[in-house]
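Structural overview for review
If you want the building blocks of each chain, they are given just below.
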Amino acid sequence: MDALQLPFAFRINELLPLARLLRASYLRDHDDFVALLPEDYKPKFLADYDEAIKAVEATTRSSVAVAQRQTITAGIETLLAALPQLLNRLEARLRRATPLTVAAKKFGIEAVRQGRNNHEHEGLTDALKTLLQNIETNKKALLAKGQTQAEIDQLQALYDHLVQERTTQGSALSDQRLLTADNVKLFRALYAPMKELLDDGKSLYKTTDKTRLKDYTLRKVLQQVRKEQAGATPAAAQPGA
């Protein structure tokens, strides 16, 4: 195997959340695993598993990446605080601006409000994209009614920050920076016992418990991880907690 070849196809930033979910399932089903393979699932298995998690945590915890995400988040929060007033002012101008290529009610303001109020960054990003497109198309009419370029720039900045946030979350821990031979060894060391849990979990529950089987089916566990990462994910429990 190539020194930089990963043993899994998902993103590096999904490895730790997957490991923690499998750990929780293993603790719940510990007795079944021990009954299946008593020599393999002695207490040392969990101790080694937790050490592998800690090693990957130390590797992926980049101060640069963390600082970048914090800066993006701070920028988003500042812009979100100003958004209601920006939308109110835009709405007032839309009521009087002519000609418009899109009816004021269909301009996209309400979708942006809902995305902000519901804390749905993905939906807000899409809604802002539509709103900015409509503003650009009708810019002359809006500027004539008092809309300023500075206000448009604020909306654009929020959109840009949200896109950057999405990109950072998706790729910050899977970039070339982490693909060193030493790091890949640590990723392999953690994924090896994860793969054992996935395989042995299937052996345990494939014909006896379809619900628990999902907890050891990589596609299903990945879906859970990605759903949590797409929303407001609570802080994951630390190993041993």
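Use the structure listed above.
Now for a quick tour of the structure.

1. Comments concerning unusual backbone geometry
That bond from Thr 98 to Pro 99 is cis: its omega, -10°, falls within 30 degrees of zero. Examined against the element boundaries, Pro 99 turns out to sit in the loop between helix H4 (63-96) and helix H5 (109-117). Positive phi, close to 55°, is recorded for His 119, a residue that is not glycine. Mapped onto the fold, His 119 is located in the loop between H5 and helix H6 (121-137). For His 119, a relative accessible area of 68% corresponds to the exposed category.

2. Brief notes about the nonpolar core
Ranked by internal contacts, the top residues of the largest apolar core, which has 30 residues, are Leu 15, Tyr 49, Leu 190, Met 194 and Leu 197. For this core, the elements supplying multiple residues, two or more each, are helix H1 (15-28), helix H3 (43-60), helix H9 (181-205) and helix H11 (218-230). At eight residues, H9 tops the list of elements feeding residues into this core. Setting aside chain neighbours within four positions, we find Met 194 in contact with Leu 15, Leu 18, Ala 19, Leu 22 and Tyr 49. Counting residues in each nonpolar core, the second largest holds 26 residues, with Leu 80, Leu 83, Leu 90 and Phe 107 among its members.

Conventions adopted
Residues numbered from 1 in each chain as written. Predicted model: local features only at pLDDT ≥ 70, side-chain atom pairs only at ≥ 80, totals over all residues. Heavy atoms only, no water. Helix = DSSP H or I, 4+ residues; strand = E, 2+ residues; numbered from the N terminus. Buried < 20%, exposed > 50% of the residue type's maximum accessible area, 1.4 Å probe, protein only. Core = buried A, V, L, I, M, F, W, Y, C linked by side-chain atoms within 4.5 Å. Contact = heavy atoms within 4.5 Å.

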